[in-house]
Amino acid sequence: SPGKTEHEKFFDSLILMRRVLATHDLLFLSRQVTYHIAADSQTPKIWAEEGQVQFIFSQLIEHMVRRTSRGSRVRISLKESTLRGGSGLEVNFSNEDKHLTEVDQQKFLAELFEEKEDAVSGIYLSDCRKAVTREGGRFWVDFRRADIPIYHVLLPTSEVKITTPT
């Protein structure tokens, strides 16, 4: 992007994650929700616009905390992965979602691709998906159980050529 050198686009994902979590301390406290982060000792730096990744992490965390039961835990893991033949960092977010049942899964997944506000959290998950795509990454959700969605964010750790579909 204009004005940013390649060096300035690299940043530490774990430091950013801790900063985002700190901005949500009051939400965690008010909902009596805790979090657990698991990361490799040498988590690679992300190559993306830091502000966009901060937006993605913040929106997903707020969405999950607002949809989970009091006293539960949000789990976040960061691990090196592969992205279109290059290197990437996969960040997974999971929690028990008291608002999901098996019947709701298809509707929930469809909303990822619609410009629709989540009725519980007020978050537009499609905005997160679009932001990840703009940064050359991938975003998807799968389910460990009917009520445990796992949000996957895969971001590049080296420069990627971003092509826009025509």
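Before reading on, note that the structure itself is shown above.
Residues numbered from 1 in each chain as written. Predicted model: local features only at pLDDT ≥ 70, side-chain atom pairs only at ≥ 80, totals over all residues. Heavy atoms only, no water.

Overview of the packing of helix α2 (residues 13-23) against helix α4 (residues 50-67)
Now for step 1: It is at 10 Å that the axes of α2 and α4 come closest, and there the two elements cross at 50°. By the angle between their directions, the pair α2 and α4 is classed as oblique. α4 is crossed by α2, and the crossing has right-handed handedness. Listed contacts from α4 to Ser13, Leu16, Met17, Arg19, Val20 and Leu21 of α2 are Glu50, Val53, Gln54, Phe57, Ser58 and Ile61.
Now for step 2: Tallied by class, the residues present in the contact of α2 with α4 amount to 7 nonpolar, 3 polar and 2 charged. (Axes fitted to C-alpha atoms, helices over the stretch in contact; angles between N-to-C directions. Helix = DSSP H or I, 4+ residues; strand = E, 2+ residues; numbered from the N terminus. Parallel < 35°, antiparallel > 145°, perpendicular 65-115°, else oblique. Left-handed = near helix turned anticlockwise from the far one by under 90°. Contact = heavy atoms within 4.5 Å. Nonpolar A, V, L, I, M, F, W, Y, C, P; charged D, E, K, R; others polar.)

Considerations on the sheet that holds strand β4 (residues 73-83)
Now for step 1: Spatially, β2-β4-β5-β7-β6 is the arrangement adopted by the 5 strands of the open sheet, whose pairing is mixed. Every interior strand has two partners, whereas the edge strands, β2 (34-39) and β6 (138-145), have only one. For this sheet, the mean inter-axis angle between neighbouring strands, taken without regard to orientation, is 20°.
Now for step 2: In terms of strand pairing, β4 meets strand β5 (residues 86-94) through 9 bridges, oriented antiparallel. (Pairing = 2+ DSSP bridges.)

Thoughts on the packing of aromatic side chains
For any pair of aromatic rings, the description rests on two quantities: the centre-to-centre distance and the angle between the ring planes.
Now for step 1: Enumeration over the complete set of coordinates arrives at 2 aromatic pairs.
Now for step 2: Here Lys9 stacks its cationic end above the ring of Trp47, 4.2 Å away from the centre of that ring.
Now for step 3: Directly above the aromatic system of Trp140 lies the positively charged group of Arg138, at a separation of 4.4 Å from the ring centroid. (Phe/Tyr/Trp six-rings, centres within 6.5 Å; stacked < 30°, edge-to-face > 60°. Lys NZ or Arg CZ within 6 Å of the ring centre and 35° of its normal.)

Some remarks on the pairing of β6
For a regular strand, side-chain orientation follows a simple rule: the groups alternate between the two sheet faces.
Now for step 1: In terms of strand pairing, β6 meets strand β7 (residues 148-156) through 7 bridges, oriented antiparallel. Counterpart to Trp140 in the pairing with β7 is His152.
Now for step 2: A loop of 2 residues connects β6 with β7, the two strands running antiparallel in sequence.

Honestly, that's just the spatial picture; any functional story needs more than this.
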